[in-house]
Amino acid sequence: MSFEIDVITLFPDMLDAITKYGITSRASKNEIFRLHTWNPRHFAKDNYRTVDDSPYGGGPGMVMLAQPLDEAITHARTRQLAEGINETKVIYLSPQGELLNHEKILQLSKLRGMILLCGRYEGIDERIIMRQVDEEISIGNYVISGGELAAMVLIDSIVRQLPGALGSADSASEDSFANNLLEYPQYTRPEIYRGDAVPPILLSGDHAKINRWRLQQSLGKTWLKRPDLLDLKYKQGISKEEEKLLEEFKQTKNF
Ligand SMILES: NC(=O)c1ccc(NCc2ccccc2)nc1
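Quick caveat, the model's predicted, so the values are computed rather than measured.

1. Structural notes on helix α6 (residues 147-159)
Next, step 1: For α6, which comprises 13 residues, the first-to-last C-alpha distance of 18 Å matches the rise-based estimate of 18 Å (1.5 Å per residue) to within 8%.
Next, step 2: Three or more residues of α6 are buried, namely Gly-147, Glu-148, Ala-150, Ala-151, Met-152, Leu-154, Ile-155, Ser-157, Ile-158 and Val-159.

In structure tokens form, the structure reads like this:
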């Protein structure tokens, strides 16, 4: 059962960035997800294949026309329905959207498909947002040239949660934000690089101690760099063991 993704975009080739490289490329080849792009320009009615026009009320830049988007979205819905998906979500990537986080990614990864709408210029005609869009999602409080990069961030983060996408499924569940903590530091060969040694505990083979050290490092790093995340952790309930580890970390002043 593939996770079906339809992307409405003026630049379909941009999506090669996730279908041609890395983990997402393998997941695509293994049909863990299937990506279909629709270019609004193909649905433009005039001979010049116009997809944008000036904003009513004046102001800088251009706005994407409703009709080509409307038809592209309708074709995407038809394809999703043909794949047996009748509870798809139309998601518009925009700076005005709900800020994307791990929780949202997990929630969307449970769907069987979604349709992603990528705006360009100053955005899209509001009537499409009213008529067709189920959710607006933002990848951060900043503006980029188009919704495509945001769509690829969203797709990549969801695909990693799909069964079979990663080698060992647990590495997705161990993702740092899965437990509201930052990732512990990672080391690999050589043991000493330019005079800097790998923490001896990691060479001990004592996996209980190694896991303890890693949890302490995650707690310490989160305390130092992301106190907001640590607050969340406390709210969710931090264990006695975790509190002890964090206190110990603070005493060592190894930071
Ligand atoms: N922060 C984001 O997720 C994001 C998404 C899209 C985007 N640019 C395209 C666009 C511009 C204006 C209105 C709607 C879409 N920039 C940032």
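So, next bit.
2. Considering the site of the ligand
Next, step 1: With respect to spatial proximity, 16 residues lie near the ligand, and among them Tyr-92, Ile-139, Gly-140, Tyr-142 and Ile-144 are the closest.
Next, step 2: Gly-140 is positioned such that a nitrogen or oxygen atom in its backbone is 2.9 Å from a nitrogen atom of the ligand.
Next, step 3: Residue Tyr-142 places a main-chain N or O atom 3.0 Å away from a nitrogen atom belonging to the ligand.
Next, step 4: Taken by itself the ligand offers 410 Å² of open surface, and the protein chains cover 95% of this.
Next, step 5: With respect to the pocket detection grid, the ligand is positioned in the largest pocket.
Next, step 6: Of all elements in the fold, only β5 (89-99) and α6 reach the threshold of two or more residues within the shell around the ligand.
Next, step 7: If you tally residues by element for the shell around the ligand, the top one is β5, at four residues.
Next, step 8: When the residues that make up the shell around the ligand are grouped by side-chain class, the tally is eight nonpolar, seven polar and one charged.

3. Observations regarding the side chain of Gln-132
Next, step 1: When you line up the elements, Gln-132 lands in helix α5 (residues 126-132).
Next, step 2: Given a relative accessible area of 7%, Gln-132 falls into the buried group.
Next, step 3: Within polar-contact distance, the side chain of Gln-132 engages the side chain of Asp-70 at 2.6 Å.
Next, step 4: Within the local environment of Gln-132, its side chain forms a polar contact with the side chain of Arg-77, the two groups lying 2.9 Å apart.

Criteria and cut-off values
- Residues numbered from 1 in each chain as written.
- Predicted model: local features only at pLDDT ≥ 70, side-chain atom pairs only at ≥ 80, totals over all residues.
- Heavy atoms only, no water.
- Helix = DSSP H or I, 4+ residues; strand = E, 2+ residues; numbered from the N terminus.
- Expected span 1.5 Å × (residues − 1).
- Buried < 20%, exposed > 50% of the residue type's maximum accessible area, 1.4 Å probe, protein only.
- Near = heavy atom within 4 Å.
- Polar contact = N/O pair within 3.5 Å; in protein donor to acceptor, adjacent residues only side chain to side chain.
- Areas by Shrake-Rupley, 256 points an atom, 1.4 Å probe, with all protein chains shown as cover.
- 1 Å grid on protein atoms, 1.4 Å probe; cavity = no way out; pocket = protein on both sides within 12 Å on 5 of 7 lines; lining within 4 Å.
- Sits in = over half its atoms within 2 Å of the grid points.
- Nonpolar A, V, L, I, M, F, W, Y, C, P; charged D, E, K, R; others polar.

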